[in-house]
Amino acid sequence: GESVGLHLPTLSVQEGDNSIINCAYSNSASDYFIWYKQESGKGPQFIIDIRSNMDKRQGQRVTVLLNKTVKHLSLQIAATQPGDSAVYFCAVYSGAGSYQLTFGKGTKLSVIP
Amino acid sequence: NAGVMQNPRHLVRRRGQEARLRCSPMKGHSHVYWYRQLPEEGLKFMVYLQKENIIDESGMPKERFSAEFPKEGPSILRIQQVVRGDSAAYFCASGGGTGELFFGEGSRLTVL
């Protein structure tokens, strides 16, 4: 099976600084990775995804990095804003044909104004 | 994710009662997934359905829980004879088969 873990349960950053949230996964056959943002009382919101044939993907103010060698991915948020405060989850599909998305426990990001 | 509609948003039940949670997927999506989230935890897969078919229910408790996605109407997650441990947020997600999932706002079940 797949297990997904995050390095830090909480992260506090100053407004305007960059944030980096890390995630590790266990299954080397994992091929599709998604970052979700969850605000209090709401459902997970898709942020960015990456497939295993890539090692970097950029969106608006966000970048996901994938290191398959050490089974690690990270989410970088540039110029963090108060609206970025939320819990961030990485989620992983484990191989071809898999449709079970395995979630990590989440990192709670707090932005200090 | 605004397109996935779940109701009720909040549900309170006493032990032994039944809970029914409904989910309408995004327009054009035929894949529905149910996940459960306990406080301070990530989401745990429960079941994956397509219209009139349960594809994978490996995450569902063996007893008291059932799910359906009829040809017409929303997907239903049904919990019979609820116990306090069933208190959680239940999220529905829909997808078009490419892997990207869109989640609803969840149904928060409280068992007294």
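See the structure shown above.
Now for a quick tour of the structure. Owing to the predicted nature of the structure, the values given are computational and were not obtained by experimental measurement. (Residues numbered from 1 in each chain as written. Chains lettered and ligands numbered in written order. Predicted model: local features only at pLDDT ≥ 70, side-chain atom pairs only at ≥ 80, totals over all residues. Heavy atoms only, no water.)

## So, the sheet that holds strand S7 (residues 65–68) of chain B
All names here are of chain B. The sheet built from four strands is open, its strands ordered S1-S3-S8-S7 with antiparallel pairing. Of all strands in the sheet, those bounded by a partner on one side alone are strand S1 (5–7) and S7. Here the average twist between neighbouring strands, direction ignored, is 15°. With four bridges connecting them, S7 and strand S8 (residues 75–79) associate as antiparallel partners. When the bridges of S8 are listed, Glu68 appears paired with Ile76. (Pairing = 2+ DSSP bridges. Helix = DSSP H or I, 4+ residues; strand = E, 2+ residues; numbered from the N terminus. Axes fitted to C-alpha atoms, helices over the stretch in contact; angles between N-to-C directions.)

## Side note on unusual backbone geometry
All names here are of chain B. In this structure, Pro8 follows Asn7 across a cis peptide bond, with omega equal to 0°. Tracing the chain through its elements places Pro8 in the loop between S1 and strand S2 (10–13). Located in the positive-phi region is Arg64, a residue other than glycine, with phi close to 75°. For Gln81, which is not a glycine, the phi torsion comes out positive at approximately 45°. Relative to the helices and strands, Gln81 is located in the loop between S8 and strand S9 (88–95). Owing to a relative accessible area of 54%, Gln81 belongs among the exposed residues under this scheme. (Buried < 20%, exposed > 50% of the residue type's maximum accessible area, 1.4 Å probe, protein only.)

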